[in-house]
Amino acid sequence: MKNEDSNGEMITDEKWHAIISNDASYNNHFFYAVKTTGIFCKPSCKSRIPKKENVRIFQNAEEALSAHFRPCKRCKPTNERLPDNEWIAFITEYIDKNYPKKLTLETLAEMSHGSPYHLHRTFKRITNITPVEYIQHIRLNTAKNLLLQSDLAIAEIGKAVGIPNIPYFVTLFKKAIGYTPAQYRQFQSNSEVPQK
């Protein structure tokens, strides 16, 4: 049985089995890319098994790179390390687009084909903050904008920015901004407090 991807390249049952069984004997015979992550791997990669319909097959790493896929940090399909700055830029871009979703260090590491420990250490070295701090920063800045530019209830804003636990949202907001979300909205509408 064969499935065709959007470019007409064939994903055979043999190649699919090599991917799901992490068969190193197929390394350098083909590479696979995952459309949803933008990353390509060797068949032996130990990353989570992708959905079959999201897989594209390439004969070599250059084809995958030409199709704008990034090499996996875990299996290093080009036998070179992706520069840390590029890896972290990829992760911050992912966070920027997906901050309303549940994001953990483990999910970010899995998505970017790295280990949680290495991701945490590298992210902090490059950005001077941890991935969790970055996620909170994005969420709270978005919450500030929603408080000023919408009539959404505080609970709806918390959910919209990925913090559905309202007491936690209020506590986190007050700790970071100095005011509860309700106070911030009121003070800003009265122009009594400078923006942070």
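Rules used throughout
Residues numbered from 1 in each chain as written. Predicted model: local features only at pLDDT ≥ 70, side-chain atom pairs only at ≥ 80, totals over all residues. Heavy atoms only, no water. Salt bridge = Lys/Arg side-chain N within 4 Å of Asp/Glu carboxyl O. Helix = DSSP H or I, 4+ residues; strand = E, 2+ residues; numbered from the N terminus. Buried < 20%, exposed > 50% of the residue type's maximum accessible area, 1.4 Å probe, protein only. Core = buried A, V, L, I, M, F, W, Y, C linked by side-chain atoms within 4.5 Å. Contact = heavy atoms within 4.5 Å. Polar contact = N/O pair within 3.5 Å; in protein donor to acceptor, adjacent residues only side chain to side chain. 1 Å grid on protein atoms, 1.4 Å probe; cavity = no way out; pocket = protein on both sides within 12 Å on 5 of 7 lines; lining within 4 Å. Points joined across faces, edges and corners; volume = space filled by probe spheres on them. Nonpolar A, V, L, I, M, F, W, Y, C, P; charged D, E, K, R; others polar. Pairing = 2+ DSSP bridges. Phe/Tyr/Trp six-rings, centres within 6.5 Å; stacked < 30°, edge-to-face > 60°. Lys NZ or Arg CZ within 6 Å of the ring centre and 35° of its normal.

**Some points on the pattern of salt bridges**
Step number 1: On inspection of all chains with the given rule, the structure shows 3 salt bridges.
Step number 2: Between lysine 52 and aspartate 13 there is a salt bridge, and its shortest N-O distance comes to 3.5 Å. Linking lysine 52 in the loop between β4 (39–41) and β5 (55–58) with aspartate 13 in helix α1 (residues 13–20), this pair joins segments that are 39 residues apart in sequence.
Step number 3: Note on aspartate 13: relative accessible area 36%, which makes it partly exposed.

**A few points about unusual backbone geometry**
Step number 1: Backbone geometry places asparagine 22, a non-glycine residue, at a positive phi of 50 degrees.
Step number 2: Looking at the element boundaries, asparagine 22 is found in the loop between α1 and β3 (31–34).
Step number 3: Exposure remark for asparagine 22: the relative accessible area of 23% places this residue in the partly exposed category.
Step number 4: Not every positive phi belongs to a glycine, and histidine 68 is a case in point at roughly 70 degrees.
Step number 5: Along the chain, the position of histidine 68 falls in the loop between α2 (61–66) and β6 (70–71).

**Description of the nonpolar core**
Step number 1: Tyr32, Ile91, Ile95, Leu108, Leu119, Phe169 and Phe173 are the most contacted members of the largest nonpolar core, which totals 41 residues.
Step number 2: The element best represented in this core is helix α6 (residues 131–149), accounting for 6 residues.
Step number 3: Setting aside residues no more than four positions away along its own chain, leucine 108 makes contact with Ile91, Tyr94, Ile95, Leu103, Leu119, Pro131 and Ile135.

**Considerations on the side chain of serine 150**
Step number 1: In this fold, serine 150 is placed in the loop between α6 and α7 (154–160).
Step number 2: For serine 150, the side chain forms a polar contact with the main-chain nitrogen of leucine 152, separated by 3.3 Å.
Step number 3: Residue contacts for serine 150: discarding those within four places in its chain leaves Ile157 and Arg185.

**What about the layout of surface pockets?**
Step number 1: In this structure, the largest pocket spans a volume of roughly 490 Å³.
Step number 2: Lining the largest pocket are 19 residues; nearest its centre among them are Thr36, Thr37, Arg48, Glu110 and Met111.
Step number 3: Elements that contribute at least two residues to the lining of the largest pocket include exactly β3 and α4 (105–111).
Step number 4: Classifying every residue of the lining of the largest pocket gives 8 nonpolar, 6 polar and 5 charged.

**Focus: the sheet that holds β5**
Step number 1: With respect to topology, 4 strands assemble into an open sheet ordered β5-β3-β4-β6, the strand pairing being mixed. Whereas interior strands pair on both sides, the edge strands pair on one side only; in this sheet they are β5 and β6.
Step number 2: Of the strand pairs in this sheet, β4 and β6 are connected by 2 bridges, and their pairing is parallel. Each bridged residue has a counterpart across the sheet, and for isoleucine 39 the counterpart in β6 is arginine 70.

**Concerning the side chain of threonine 12**
Step number 1: Assignment of secondary structure puts threonine 12 in strand β2 (residues 10–12).
Step number 2: On the basis of relative accessible area, threonine 12 is assigned to the buried category, the value being 17%.
Step number 3: A polar contact of 3.1 Å, which involves the side chain of threonine 12, links it to the backbone nitrogen of lysine 15.

**Thoughts on the packing of aromatic side chains**
Step number 1: This model, assessed by the stated rule, comprises 7 aromatic pairs.
Step number 2: Grouped by ring-pair contacts, the aromatic residues Phe169, Phe173 and Tyr184 constitute a single cluster.
Step number 3: We note lysine 15 situated over the ring of phenylalanine 30; from NZ or CZ to the ring centre the distance is 5.5 Å.

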